[in-house]
Amino acid sequence: MNPQGPLPEPPLALLAELTHRCPLQCPYCSNPRALVTRAGELDTASWQRVLTEAARLGVLQVHFSGGEPTARRDLVELVRHAAASGLYSNLITSGVQLDAKRLAALAEVGLDHVQLSFQDADDASGDAVAAYDGAQAKKRAVAALVIAQGLPLTANLVVHRRNLARLPAMIEMAAGLGASRLEVAHVQYYGWALANRAALLPTRDQLEAADRVIEAARARLKGRVVIDYVMPDYYARRPKACMSGWGRRFINITPSGKALPCHAAETLPGIDYPSVTTESLEAIWRRSDAFMRFRGTAWMPEPCRSCDQREIDWGGCRCQALALTGDATRTDPVCALAPDHALIERALTEPPTDDLTFRRFAAARIQA
Ligand code: SF4
Ligand code: FES
C-alpha cells in the first residue's frame, strides 16, 4: 500500500503553456505576474518528450496555450507530435497571428479543435482592452478560416464590468461566426485580474442581467450552439471546484517546463515545483510534493474538513485563498462559511475605477 493512499487517476488534460509571448495585453490575463522570456522557453524536443510522456500517463487532451501559442515557430511540429501520440489537441489562441496557410498546416497534421478568444462585440472596445489595433476584425476573419477548414470552433468570451452591456451582441456575433460552443467566462480574480479588480468586477445588477441573457440565448440557440457559463465566484455562496480539485484532473506545464497543478500555482510560497526537464511526468503526477500538497481532503482546515461539500468543491481555490488572506491553506474566502468571507463582501463594495494595468512585459516581473 502506498503510504500516501491510493495512486491518483491519470490527469484528463495537459495545458501546454508554450510561451508567455503574446501580441495582446489583456489586463485580466491568466498568466502569472512574473513572465518567462523567450530565452527561458522549453525547446521543441523537450515539448515532444512531454507530449509522449503525457500520452503514456493516460492524458487524453492537450490544450496548446500561452501567452499566444502561435508565437512558437514549432507549433505545427508539436501538434503533429500530439496527434501521433494519440492526444486530442486544442489550440487556445487570440487568432491575430494566424492565416489560412498556417491553419491549413495545423489541420493537416491533426489539430482537432480551435478555441478563439473575443474581448468584445464592439471593435473599438475589443481592440482597446487587448491593446491591439485591428484585433477584433482579424479574429472574425480567423473564425471564418477555422470554419472553412472544417475544424470545430469554440468562442471564448471573457466578460467583466466594462463589456457586460454588450453580452447579447457578443453571443450573436460568435454564433453568427459559426462557433458550435461558446464559453462565456467572467474574469477570475488572480494575477493580472486581481490587480485590476476594481475596474473589472461587475455589479450585482449586471450579473443578474447576464444570467437572463444566458438563459434566453441557450433557449434560442438550442441544438445549434452549446453555451458554457462560468460565473464570477465573488457573487457565489460556495466556491468553484477550482481545477476540479488540486492534482485531480489537470496538469499545467509552464513555458520553462515547471509542472503546476493550476496556472496560478507559482504564487504559492514554499512549494518547490518540479520541472519536466529533470523528472518524468509520471513521477511528478504521482509522487511530487507539489501535486500532493492539496490533493484530496486531508490538508483541509475547518470548516471544510467536516463539510459535506468537501468532495464537491475541494475547498475552492488555493490561489484565491492565498491572494486574499495570505495563507493558501485557509478556506477559500468566497465560501459563505469561510472565516475570511468578509474580505469578499468588502471587495464587492470597493469603489470602481477606470484605471487598468495592462499585461505588458514592461509591467511584469521577468523570469529568464
Ligand atoms: Fe466548500 Fe469548505 Fe465551504 Fe464546505 S466549508 S462549502 S468544503 S469551501
Ligand atoms: Fe490555483 Fe485555483 S487557480 S487552485
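What you are looking at is a predicted structure, and each value in this text was computed from that prediction instead of being measured. (Residues numbered from 1 in each chain as written. Chains lettered and ligands numbered in written order. Predicted model: local features only at pLDDT ≥ 70, side-chain atom pairs only at ≥ 80, totals over all residues. Heavy atoms only, no water.)

(A) Quick peek at the overall build of the chain. A tally of helices and strands in the chain yields 14 helices and 11 strands. Since a compact globule built from 368 residues should have a radius of gyration of about 21 Å, the 20 Å found for the chain is in line with a globular shape. Projected onto the principal axes, the alpha-carbon positions of the chain cover approximately 55 × 50 × 45 Å. Buried positions account for 52% of the 368 residues belonging to the chain. If you take every contact in the chain between residues at least 6 apart in sequence, the share linking residues at least 24 apart comes to 73%. For the chain, the accessible surface area stands at approximately 15,500 Å², while carbon and sulfur atoms represent 52% of it. (Helix = DSSP H or I, 4+ residues; strand = E, 2+ residues; numbered from the N terminus. Rg over C-alpha atoms; globule rule 2.2 N^0.38 Å. Buried < 20%, exposed > 50% of the residue type's maximum accessible area, 1.4 Å probe, protein only. Contact = heavy atoms within 4.5 Å. Areas by Shrake-Rupley, 256 points an atom, 1.4 Å probe, with all protein chains shown as cover.)

(B) How the structure looks around the site of ligand 1. All residues adjacent to ligand 1 are Arg238, Pro239, Pro303, Cys304, Cys307, Gln309, Arg310, Asp313, Gly315, Thr331, Cys335 and Leu337. Here the residues of the shell around ligand 1 sort into 6 nonpolar, 3 polar and 3 charged. (Near = heavy atom within 4 Å. Nonpolar A, V, L, I, M, F, W, Y, C, P; charged D, E, K, R; others polar.)

(C) Main features of the packing of helix α2 (residues 75–84) against helix α3 (residues 100–108). Where α2 meets α3, the axes come as close as 9 Å, and the angle between the chain directions of the two elements is 20°. Taken together, α2 and α3 sit at an angle that is classed as roughly parallel. Note that α2 runs across α3; the crossing there is right-handed. For the pair formed by α2 and α3, the contact residues are Leu75, Val76 and Val79 on the first element and Arg102, Ala105 and Leu106 on the second. Looking at side-chain class alone, the contact of α2 with α3 contains 5 nonpolar, no polar and 1 charged residues. (Axes fitted to C-alpha atoms, helices over the stretch in contact; angles between N-to-C directions. Parallel < 35°, antiparallel > 145°, perpendicular 65-115°, else oblique. Left-handed = near helix turned anticlockwise from the far one by under 90°.)

(D) A look at the pairing of strand β8 (residues 226–230). Because side chains alternate across β8, one face comprises the buried residues Ile227 and Tyr229, and the other comprises Val226, Asp228 and Val230, none of which is buried. Pairing of strand β7 (residues 181–186) with β8 involves 5 bridges; the strand directions are parallel. By the bridge assignment, Glu183 is partnered in β8 with Asp228. (Pairing = 2+ DSSP bridges.)

(E) Structural view of the nonpolar core. Judged by nonpolar contacts, the single largest core of 82 residues is most densely connected at Leu14, Phe64, Leu157, Leu182, Ile253, Leu268 and Leu281. When residues of this core are assigned to their parent elements, the largest contribution, 6 residues, is made by helix α6 (residues 167–176). Residue contacts for Leu157: discarding those within four places in its chain leaves Phe118, Met170, Ile171, Ala174, Leu182, Glu183, Val184 and Ala185. By size, the runner-up hydrophobic cluster in this structure holds 21 residues, among which are Val129, Ala130, Tyr234 and Leu324. (Core = buried A, V, L, I, M, F, W, Y, C linked by side-chain atoms within 4.5 Å.)

(F) Here's a closer look at the packing of helix α1 (residues 44–57) against α2. Orientation of α1 relative to α2, taken along the N-to-C sense of each, is 20°, at an axis distance of 9 Å. By the angle class used here, α1 and α2 are roughly parallel. Seen from above, α1 lies across α2 with right-handed handedness. Within the contact between the two elements, α1 uses Thr44, Trp47, Gln48, Leu51 and Thr52 and α2 uses Glu77, Leu78, His81 and Ala82.

(G) Broad picture of unusual backbone geometry. A cis amide bond links Gly66 with the next residue in sequence, Gly67, at an omega value of 15°. With a phi close to 60°, Met243 is a non-glycine residue in the positive phi region. Mapped onto the fold, Met243 is located in the loop between β8 and β9 (250–253). One non-glycine residue with positive phi stands out, namely Trp314, at about 55°. In this structure, Trp314 sits in the loop between α12 (310–313) and α13 (318–325).

(H) Structural context of a negative patch on the surface. A surface patch of negative charge is lined by Asp205, Glu208, Asp211 and Glu215. When you line up the elements, Glu215 lands in helix α9 (residues 204–220). On the accessibility criterion, Glu215 (59% relative accessible area) is exposed. (Patch = residues over 30% accessible without salt bridge, like charges linked within 9 Å, V, L, I, M, F, W, Y side chains within 5 Å. Salt bridge = Lys/Arg side-chain N within 4 Å of Asp/Glu carboxyl O. Lys, Arg positive; Asp, Glu negative; His and termini not counted. Charge placed at Lys NZ, Arg CZ, Asp CG, Glu CD.)

(I) Geometry of α9. Between its first and last C-alpha, α9 extends 25 Å over 17 residues, near the 24 Å set by a 1.5 Å rise per residue. By the burial criterion, the buried members of α9 are Leu207, Ala210, Ile214 and Ala217. Considered in projection along α9, the buried side chains sweep an arc of 85° and stay on one side of the axis. For α9, the exposed residues lying more than 90 degrees away from the buried face are Asp205, Arg212, Glu215 and Ala219. Buried residues belonging to α9 abut α6, β7 and β8. (Expected span 1.5 Å × (residues − 1). Arc of directions from axis to C-beta.)

(J) Representation of the packing of aromatic side chains in the model. Under the criterion given, the structure shown has 4 aromatic pairs. Look at Phe294 and Trp299: their rings are 5.2 Å apart centre to centre, the planes differ by 85°, and that puts the pair in the edge-to-face class. Here Phe294 falls in the buried class, since its relative accessible area comes to 6%. Among the aromatic side chains, those forming a connected cluster through ring pairs are Trp246, Phe294 and Trp299. (Phe/Tyr/Trp six-rings, centres within 6.5 Å; stacked < 30°, edge-to-face > 60°.)

(K) Geometry of the environment of Gly86. Among the structural elements, Gly86 can be located in the loop between α2 and β4 (88–93). Linking Gly86 and Leu51, residues 35 residues apart in sequence, is a C-alpha distance of 9.6 Å.

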